[in-house]
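Chains, contacts and geometry: an overview
Given next are the chains, with one letter for each unit.
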Amino acid sequence: MLDKCIWPSSSQGFSAASMVKALRRAAITVTAVNKGVQFKFCWKSEAPPRVKFFIWTALHNSISSLAFLASRGIITNGNVLCDICGEEETMNHIFIHCLFVRKIWYMVFQNLGVAWVLPYTFEEFLTQWSAIIPLGVCTKLWTTTWMIFIWEIWKCRNRRVFDNKESSVHDIVFRSFTTAVFYFKCNHPSFAYSGLDLYRNPDSILFS
């Protein structure tokens, strides 16, 4: 019997349309799997419940960015620009692409000694972050640290928008590291390092 090529996605054989449908089905499957992993990442961290809920909301693309509010008709389309860099304030912009936030992530990864390329979306960022530290004792600490950073960036944004109060990059990085260790040690009291230790030497602690 001779071998023959079969295109299982369509009974009528291969076509561009059937290829597009197959790719879309694959993309939906991968997205669903990734979402499941990300939700598990969120709920199994040592972050406080309100931070977990906030990250869960972000993974559902429901953070009240200016672009989100405009899409719901709450504000006009003319009021969606970031007050720092003048770009459209989407969720991805708030947590990744804003010029101020880039300085935060640059400082974090510089202290870690990790070369990093900005992801495009919030979901991609979570996936990249979780892959940096090898599985071990500090995995949950690393998870919690990311979530606390996101939470602190959101609070910083709200203070700037609603109270006209500015925060420095150094303050956010320091507060995020120390807060993450505080919550981590609530469930792991034998953890030998302080928040100040993690802030000063994150690479030696997380990669040990």
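Residues numbered from 1 in each chain as written. Predicted model: local features only at pLDDT ≥ 70, side-chain atom pairs only at ≥ 80, totals over all residues. Heavy atoms only, no water.

**Considerations on the overall build of the protein chain**
Note the cut-off: Secondary structure elements follow DSSP: runs of H or I no shorter than four residues count as helices, runs of E no shorter than two count as strands, and numbering proceeds from the N terminus. Only heavy atoms enter the contact rule, under which two residues are in contact if any of them lie within 4.5 Å. Here the Shrake-Rupley method, with its probe set to 1.4 Å, supplies the accessible areas, and only the displayed protein chains count as covering residues.
Counting its secondary structure elements, the protein chain contains 10 helices and zero strands. Listing each helix as α and each strand as β along the protein chain from the N terminus yields α-α-α-α-α-α-α-α-α-α. By sequence separation, contacts in the protein chain at least 24 residues apart represent 56% of the contacts at least 6 residues apart. In the structure as shown, the protein chain presents an accessible area of about 12,100 Å², 59% of it carried by carbon and sulfur atoms.

**Description of the pattern of salt bridges**
This is how it is decided: When a carboxyl oxygen of Asp or Glu is within 4 Å of a side-chain nitrogen of Lys or Arg, the pair counts as a salt bridge. Partly exposed describes any residue whose relative accessible area lies between the buried limit of under 20% and the exposed limit of over 50%, with all areas from a 1.4 Å probe on protein chains only and scaled to the type maximum.
Within the structure shown, the criterion is met by four salt bridges. Close ionic contact of Lys155 with Glu152 constitutes a salt bridge, the shortest N to O distance being 3.4 Å. Highlighted residues: Lys155 and Glu152, both in helix α7 (residues 139–162), separated by three residues, approximately one helical turn. Looking at Lys155, the relative accessible area reads 27%, which means it is partly exposed. Of the residues examined, Glu152 reaches a relative accessible area of 3% and is grouped as buried.

**Comments concerning the nonpolar core**
Let me state the cut-off plainly: Within this scheme, the nonpolar core is defined by two criteria: the residues are buried Ala, Val, Leu, Ile, Met, Phe, Trp, Tyr or Cys, and they are joined through side-chain atoms within 4.5 Å.
The biggest cluster of nonpolar side chains holds 53 residues, and the ones touching the most others in it are Ile55, Phe95, Trp105, Phe122, Trp129, Trp146 and Val173. Here this core gets 11 residues from one element, more than from any other, and that element is α7. Non-local contacts of Trp129, meaning those with residues more than four positions away in its chain, are made with Phe41, Trp105, Val108, Phe109, Trp142, Thr143, Thr145 and Trp146.

**Examining the side chain of Ser45**
Under the convention used in this document: Polar contact is defined as a pair of N or O atoms within 3.5 Å, subject to the rule that within protein one atom must be able to donate a hydrogen and the other to accept it, and that residues adjacent in sequence are counted only when both atoms are side-chain atoms.
With respect to the helices and strands, Ser45 occurs in the loop between α1 (16–43) and α2 (49–59). Looking at Ser45, the relative accessible area reads 3%, which means it is buried. Polar side-chain contacts of Ser45 include one of 3.3 Å to the backbone nitrogen of Ala47.

**Some details on the packing of aromatic side chains**
We apply this condition: Centre distance within 6.5 Å is the pairing criterion for rings of Phe, Tyr and Trp, where only the six-membered ring of Trp is used; planes under 30 degrees apart are then read as stacked, over 60 as edge-to-face, and the remainder as tilted.
Tallying each qualifying case throughout the model produces 23 aromatic pairs. On the numbers, 5.2 Å between centres and 75 degrees between planes, the contact of Phe182 with Tyr183 is edge-to-face.

**Some details on α2**
Residues Val51, Lys52, Phe54, Ile55, Thr57, Ala58 and Leu59 constitute the buried set of α2. Asn61 lies just past α2 and shows a positive phi near 55 degrees.

**Re a nonpolar patch on the surface**
Test applied: Here the term patch refers to residues with relative accessible area over 30% and no salt bridge, with like charges joined within 9 Å and nonpolar side chains (Val, Leu, Ile, Met, Phe, Trp, Tyr) within 5 Å.
On the surface, Trp43, Phe53 and Trp56 cluster together into a nonpolar patch covering about 320 Å² of accessible area. Within the secondary structure layout, Trp56 lies in helix α2. A relative accessible area of 31% places Trp56 in the partly exposed class.

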